[in-house]
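# What the coordinates show
The lines below spell out each chain.
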Amino acid sequence: MIGGVVVLLLWGWFEVRSASPLVDLRIAARRTVLFTNLASITVGFAFFGSTVVLPGILEAPVGTGVGLGQNMLIASLCLMPSGLIMWAMSPVAARLTAAKGARLSLLIGIAIIAVGYAIAIGLMTEVWHTVLTATAVGFGVGFAYAAMPTLIMGAVPPARRRPPTDSTPSCGRSVPRSRVR
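In this text the structure is predicted, and so the values were computed from the model without any measurement. (Residues numbered from 1 in each chain as written. Predicted model: local features only at pLDDT ≥ 70, side-chain atom pairs only at ≥ 80, totals over all residues. Heavy atoms only, no water.)

A word on the nonpolar core. The biggest cluster of nonpolar side chains holds 13 residues, and the ones touching the most others in it are Val 43, Leu 106, Ile 113, Val 141, Ala 144 and Met 148. Breaking this core down by element, the ones donating at least two residues are helix H3 (31-59), helix H5 (102-122) and helix H6 (127-155). The element best represented in this core is H6, accounting for six residues. Residues contacting Met 148, with those up to four places away along its chain left out, are Thr 36, Ala 39, Ser 40, Val 43 and Leu 106. Grouped together as the second largest cluster of nonpolar side chains are 10 residues, Leu 54, Ala 75, Met 124 and Ala 134 included. (Core = buried A, V, L, I, M, F, W, Y, C linked by side-chain atoms within 4.5 Å. Buried < 20%, exposed > 50% of the residue type's maximum accessible area, 1.4 Å probe, protein only. Helix = DSSP H or I, 4+ residues; strand = E, 2+ residues; numbered from the N terminus. Contact = heavy atoms within 4.5 Å.)

In C-alpha cells form, the structure reads like this:
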C-alpha cells in the first residue's frame, strides 16, 4: 500500500513537471473537472452496486430471509429495464442539458439514484421491487452520465480538448513500448 502511494506521488510529481503530460493534473484539479470526476466515480459505484446486489437478492434462496429465490435468467431480465432506461434517458438528459445546463442534469441524475436506493430500503420483498430499484438507478445513471462530458468540456480550455478516442494513440506515443523477444 505504501509503495503504491509512493509511486502515485512520484508519477504525479513527474506529470506536473512534464511538458507533454499523459494526464494534465492541473486541469484535472480544476474544481468542475475534479467534482465531475468524483461524481462519475460515485455514480459508477451506485450503478455497480445495483448490478451486483440486486441479482444477489433475486437469486438468494427464500430461506435466507432476504432472497427472492429466482434463477439467473429472471434476475437478468429484472435488470434489463435499467439498461433500457439509461439508453432512453440519455437524449432526454441531453435536451435538458442544452436548455438548463449540465449541472442540473447531473444533480437530477444523482437525486434519482438516491431516491431509487431510498425506495429500496423499504421495498425489497418482491421481484417487482428490484425491477423498480434497478430502473430508478438506471434512470439516474442515464441522466448523470449524459451530463458529465458537457461539464468536463466546458471546464477544459479548447486547446487542451481531445476526443475520448484520441487518448489511446496519445498513450501509445507517451508510454514507451517494450517488445518480447
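After that view, the rundown keeps rolling.
Turning our eyes to something else, we now look at the side chain of Thr 97. Structurally, Thr 97 can be placed in helix H4 (residues 72-100). With a relative accessible area of 11%, Thr 97 lands in the buried category. A polar contact of 2.8 Å, which involves the side chain of Thr 97, links it to the side chain of Ser 105. (Polar contact = N/O pair within 3.5 Å; in protein donor to acceptor, adjacent residues only side chain to side chain.)

A complete count under the given rule lists one aromatic pair for this structure. The interplanar angle of 15 degrees and the centroid separation of 5.6 Å between the aromatic rings of Phe 139 and Phe 143 together place this pair among those described as stacked. Remark: Phe 143 and Phe 139 occur in helix H6; sequence separation between them is four residues, near one turn of the helix. When its relative accessible area of 27% is taken as the criterion, Phe 139 is described as partly exposed. Taking the relative accessible area as the measure of exposure, Phe 143 reaches 6% and is therefore buried. (Phe/Tyr/Trp six-rings, centres within 6.5 Å; stacked < 30°, edge-to-face > 60°.)

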